[in-house]
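Coordinates in review
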Amino acid sequence: MMIHHMGYKVRAQIHRFSGKLCNGMGKVTQRCVEEMLYGIQARGSVRLSEVARSLEESISLKKVIERLSRNLARRGLAEAIGEAVLKEGAVKVTEDTVLIVDPTDITKKYARKMEYLAQVRDGSDKVLGNGYWVNTVVGAEVGLLRDHTAHS
């Protein structure tokens, strides 16, 4: 009973979050984003086949993958979601928020013709190779950390 209740709460949170990300984009787009968020969370994978399996639909897996792929390919979707995520995160950043920037890269050893592929330094092998530059930013509230450690 508790697991079912937790599953329901997670689905409800994903529904609310996808609604914020897809505000004004239409029901089909919101459903696709919601299904993707759920599938990624449920399977721990961004592969469309894994996301599609998590949805446990009565139609063929191939048809679910095709639908997700078609909807994800909508022009401007990635940019709109990126903007919505930034907007959602920006309201949580205050003057006291410490922002930690981690510029890094991901190597794609076997990639030859992927979009936006660049030369990056493979930190493990100490060689240049194909890959992507990545910037990760983490925000922390120093006051909250200080208060927490004072009580530990």
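Residues numbered from 1 in each chain as written. Predicted model: local features only at pLDDT ≥ 70, side-chain atom pairs only at ≥ 80, totals over all residues. Heavy atoms only, no water.

This part covers the sheet that holds strand 3 (residues 127–141). Pairing within the open sheet is antiparallel, and its three strands lie in the order 1-3-2. On the outer flanks of this sheet lie strand 1 (97–107) and strand 2 (118–122), each paired with one strand and no other. Across this sheet, the average inter-strand angle for adjacent strands is 45 degrees, counted without regard to direction. Pairing analysis gives 11 bridges linking strand 1 to strand 3, with the strands arranged antiparallel. Following the sheet pairing, valine 101 is matched in strand 3 by valine 137. (Pairing = 2+ DSSP bridges. Helix = DSSP H or I, 4+ residues; strand = E, 2+ residues; numbered from the N terminus. Axes fitted to C-alpha atoms, helices over the stretch in contact; angles between N-to-C directions.)

Okay, the packing of helix 2 (residues 27–43) against helix 4 (residues 61–72) next. At their nearest, the axes of helix 2 and helix 4 sit 10 Å apart, and the two run at 115 degrees to each other. Crossing of helix 2 against helix 4: the hand is left-handed. Across the interface between the two elements, Val28, Arg31, Cys32, Glu35 and Met36 of helix 2 pack against Arg67, Leu68, Asn71 and Leu72 of helix 4. (Left-handed = near helix turned anticlockwise from the far one by under 90°. Contact = heavy atoms within 4.5 Å.)

In contact at an axis separation of 9 Å, helix 3 (residues 48–55) and helix 4 are set at 115 degrees when each is read in the N-to-C sense. Between helix 3 and helix 4 the crossing geometry is right-handed. Each of Leu48, Ser49, Val51, Ala52, Arg53 and Leu55 in helix 3 lies in contact with helix 4, whose residues at this interface are Leu61, Val64, Ile65, Arg67, Leu68, Ser69 and Leu72.

This brings us to the side chain of arginine 67. By the element assignment, arginine 67 lies in helix 4. For arginine 67, a relative accessible area of 13% corresponds to the buried category. If we ignore the near neighbours within four places in the chain, the residues touching arginine 67 are Arg31, Glu35, Leu55, Glu57 and Ile59. (Buried < 20%, exposed > 50% of the residue type's maximum accessible area, 1.4 Å probe, protein only.)

This part is about the side chain of glutamate 35. By secondary structure assignment, the location of glutamate 35 is in helix 2. Here glutamate 35 is in contact with Val51, Leu55, Glu57, Arg67 and Leu68, once residues within four sequence places are set aside.

Attention shifts here to unusual backbone geometry. Even without glycine at this site, glutamate 56 takes up a positive phi of about 50 degrees. The residue glutamate 56 is located in the loop between helix 3 and helix 4 in this model. Backbone geometry places tyrosine 116, a non-glycine residue, at a positive phi of 65 degrees. Inspection of the secondary structure assignment puts tyrosine 116 in the loop between strand 1 and strand 2.

Let's shift gears to a nonpolar patch on the surface. On the surface, a cluster of nonpolar side chains totalling about 350 Å² of accessible area is made up of Val93, Leu99, Val101 and Val137. One can find valine 93 in the loop between helix 5 (77–90) and strand 1. (Patch = residues over 30% accessible without salt bridge, like charges linked within 9 Å, V, L, I, M, F, W, Y side chains within 5 Å. Areas by Shrake-Rupley, 256 points an atom, 1.4 Å probe, with all protein chains shown as cover. Salt bridge = Lys/Arg side-chain N within 4 Å of Asp/Glu carboxyl O.)

Let us look at the environment of leucine 128. Tracing the backbone shows leucine 128 in strand 3. Placed 10 residues apart in sequence, leucine 128 and alanine 118 show a C-alpha to C-alpha distance of 9.9 Å. Excluding residues that lie within four positions of it along the chain, leucine 128 makes contacts with Gln119, Val120 and Arg121.

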